[in-house]
Amino acid sequence: MSIESDQKLPGGPADKAGLFTLLAVCAVLLAAAVLAQFAVSTWSIRERVLLALVAALAAVAGHLLRRERLTDRRLVAERRQLSIAVNNIPQGLVLYDASARIITCNQPYLDMFGLSPDVAKPGCTMQRLIAHRKETGSFDGDVDAFCDAIIQKVSLGKATRQLTEAPGGRAIEIINRPLKGGGWVATIEDITERKRAEEKIAHLAHYDGLTDLPNRILLRERLEHSLTVMRPGEQLAVLYIDIDEFKSVNDALGHPIGDELLKGVADRLRGCLRETDVAARLGGDEFAVIQMPIKDRSETTRLVDEIHSAIRQPFECMGHLITTDASIGIALAPSDGVDLDQLLRSADLALYGAKGDGRRTYRFFEAGMDQRAKTRRSLELELRRAISDGSLETYYQPVVNIEDGKISSCEALLRWRHPERGMISPAEFIPIAEDSGLINQLGLWVLNAACAEAVTWPDHVRVAVNVSPVQFRSQSLALNVAAALAACGLPASRLELEITEAVLIRDDEAALDMLHQLRKLGVRIALDDFGTGYSSLSYLQRFPFDKIKIDRSFIRDIAGPGASSSIVQAVVNIAAASDMMTTAEGVETEQQRNLLYILGCTEMQGYLFSPAISAAEVRRLLVTHRGKAMSAA
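Residues numbered from 1 in each chain as written. Predicted model: local features only at pLDDT ≥ 70, side-chain atom pairs only at ≥ 80, totals over all residues. Heavy atoms only, no water.

1. Observations concerning the nonpolar core
Part 1 of the reasoning: Membership of the largest hydrophobic core comes to 74 residues, with the highest contact counts inside it found for L495 and L518.
Part 2 of the reasoning: Looking at this core, the element that brings in the most residues is helix α14 (residues 439-454), giving 7 residues.
Part 3 of the reasoning: Formed by 33 residues, the second largest nonpolar core is a distinct cluster that contains L213, L239, A266 and I330. (Core = buried A, V, L, I, M, F, W, Y, C linked by side-chain atoms within 4.5 Å. Buried < 20%, exposed > 50% of the residue type's maximum accessible area, 1.4 Å probe, protein only. Helix = DSSP H or I, 4+ residues; strand = E, 2+ residues; numbered from the N terminus.)

Here is the structure:
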């Protein structure tokens, strides 16, 4: 009920105005009586004084009457303004007296709960008001118990706070504050938006903003709880998942597409889990899964297979078709630890082991992984030093024409001569370089070194340089190649860049665009390890490679009863139809060379002719080999 401006209370301004009016009337009547007496007799001094007093009384009464009327109008205006103010505040307000009866309540209160002003008005008891709320559907508790609890607390000088729900699902907060002298004031506020904001803040504190998966904080809470409730005989698995070569997607295609890929991975992870499992994003391209309960590791192996199968399906990201993969590390509780941090560290070490074994695979935690991880990190630091202190070398393996035996090109291969460990295999340090981001520096170093070396060779001998998938996704690759050629004066036609199908399967369009940029420079492009990827033939149709290098796995068994020779024959025919050369890798025997010659292969590379040798040795080989040829028969 609204506060009224015309309420008349005993002893109020209206009563005072009546009193002054009565005094004025009496003064006038008295004055009239005195004048009548004057008409019939002469005035005495006493009568004149009395008349003066009466006149003064009348004047005072008139003045008081006028002033009281002005005061009354001012009070009415102030009450009206107060009523407007109280009824226009956003909160509801109810003022109770010491006997728990309404003194006043405002319109927002009535509106919040849909109450009738005929019930919620001055004089209404709190019990009747709450009963009316129950009738209208905004209260569903025990009326008397509710009211008694509040009355008891405010009588002791204690404030109360309740949260309730208004019609429409709005969240309402009611606070009762006791007043001095008895009674209390109840403020009623719609806190729906504030509550939603608080819930959103709480959600953001525990969930990843991009994928809406639990974040690292919530993962730890869930894992700690899972370890606590795990029953005897039960196990749980923690999986750390790293998206392979995700950085190259970001670098080549931009962060928006990288974000879309992460959201796609998160959705597919959800689809692989049971209700009792938990997936989380730890940050960047790292995810985690808690699998519980499990009986043995075979259940986890099946989950890993399902995750790999899901992630390996192409992702459609803003018009780009991206294929990716994952490395997964697994720790089991209680065998690998029951302490939260110990278990997470074991999973991280297992992931490190999976990445060290070539990625795209998984590893369970094993004793000794910690030491291997330390060794790997140490190797990374030493590799950084090797880039700057000259410990790296470029070796070259010749490629010869099968028919006349002449050297047509040499493939540049990176070697690391460690001061204590000797020669370290590229298979050991290249994955470290890719994980740490050093591969771009290494690739650029090899490119410049190989071009500078090739300038000293005969003009007909080309140099081949491998380009890793990470390098290929750098938008500065074409610029780096042009700069390397210009720095040493090597003609672009004498540089051959070898790429693998892994470069292409991540994102066809971006890869093909880069290939065309390189082709415009005039360099030759070779497709390495042909036949080991997913869609080899489609790439040959979409881009005219200069050369196809047949993977050594087919050459090794070419003389056997299997289908290798048929596969090699098919590749040779496909290449010939598109005017492309073919190079067979890993040729080690005369029998293999003769069969390749019969099948029509163009070139060969392998130990039959020469292993990879130093730059000084390849210069001597080119000098002694000039003009000579191996027998074709």
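Back to the write-up after that little detour.
2. Brief notes about the side chain of K547
Part 1 of the reasoning: Topologically, K547 is positioned in strand β19 (residues 547-550).
Part 2 of the reasoning: A polar side-chain atom of K547 sits 2.9 Å from a polar atom in the side chain of E603.
Part 3 of the reasoning: Discounting residues that sit within four places of it in the chain, K547 has contacts with S409, R462, E496, I525, A526, L527, M581, T583 and E603. (Polar contact = N/O pair within 3.5 Å; in protein donor to acceptor, adjacent residues only side chain to side chain. Contact = heavy atoms within 4.5 Å.)

3. As for the sheet that holds strand β6 (residues 235-243)
Part 1 of the reasoning: Strand order in the open sheet made by the 5 strands is β7-β8-β6-β11-β12, with mixed pairing throughout. Looking at the sheet topology across the chains shown, the edges are occupied by β7 (278-283) and β12 (362-364). Across the sheet, the axes of successive neighbouring strands diverge by a mean angle of 20°, strand direction being ignored.
Part 2 of the reasoning: Those strands touched by helix α7 (residues 216-229) are β6, β7, β8 (286-294) and β11 (326-333), and its axis lies near 15° from that of β8. (Pairing = 2+ DSSP bridges. Axes fitted to C-alpha atoms, helices over the stretch in contact; angles between N-to-C directions.)

4. Quick notes on the packing of helix α11 (residues 340-356) against helix α12 (residues 369-389)
Part 1 of the reasoning: It is the contact of α11 with α12, at a shortest axis distance of 9 Å, that shows an interaxial angle of 55°. Here α12 runs oblique to α11, going by the angle between their axes. Relative to α12, the crossing made by α11 is left-handed. For the pair formed by α11 and α12, the contact residues are R345, L349, A350, Y352, K355 and G356 on the first element and M369, D370, A373, R376 and R377 on the second.
Part 2 of the reasoning: Taken together, the residues of the contact of α11 with α12 break down into 5 nonpolar, 1 polar and 5 charged. (Parallel < 35°, antiparallel > 145°, perpendicular 65-115°, else oblique. Left-handed = near helix turned anticlockwise from the far one by under 90°. Nonpolar A, V, L, I, M, F, W, Y, C, P; charged D, E, K, R; others polar.)

5. Quick look at the sheet that holds strand β5 (residues 184-190)
Part 1 of the reasoning: One open sheet accounts for 5 strands, arranged β2-β1-β5-β4-β3; its pairing is antiparallel. Strand pairing shows two members of the sheet lacking a second neighbour, β2 (102-105) and β3 (160-166), which therefore form its edges. Looking at each pair of strands side by side, their axes are set apart by 20° on average, direction ignored.
Part 2 of the reasoning: Alignment of strand β4 (residues 170-178) against β5, held across 7 bridges, turns out to be antiparallel. Bridge pairing links I174 to I188 in β5.
Part 3 of the reasoning: Sheet strands in contact with helix α4 (residues 126-136) are β1 (92-96), β2, β3, β4 and β5, and its direction is about 150° off that of β1.
Part 4 of the reasoning: Along the sheet, helix α6 (residues 192-206) makes contact with β4 and β5, crossing β4 at roughly 110°.

6. Quick word on the pairing of strand β18 (residues 524-530)
Part 1 of the reasoning: Of all 7 residues making up β18, 6 are buried, and the element is well covered by its neighbours.
Part 2 of the reasoning: Examined bridge by bridge, β18 and β19 share 3 bridges and lie parallel to one another. Note on β19: the bridge partner recorded for F530 is I550.

7. Quick notes on helix α23 (residues 615-625)
Part 1 of the reasoning: Along α23, the positions that sit buried rather than exposed are A615, V618, L622 and H625. Here the buried residues of α23 occupy an arc of 95° about the axis, which is enough to place them on one side. Across from the buried face of α23, at angles greater than 90 degrees, the exposed residues are R620 and V623.
Part 2 of the reasoning: Looking at the buried side of α23, the elements it contacts are β13 (392-401), β14 (407-418) and α14. (Arc of directions from axis to C-beta.)

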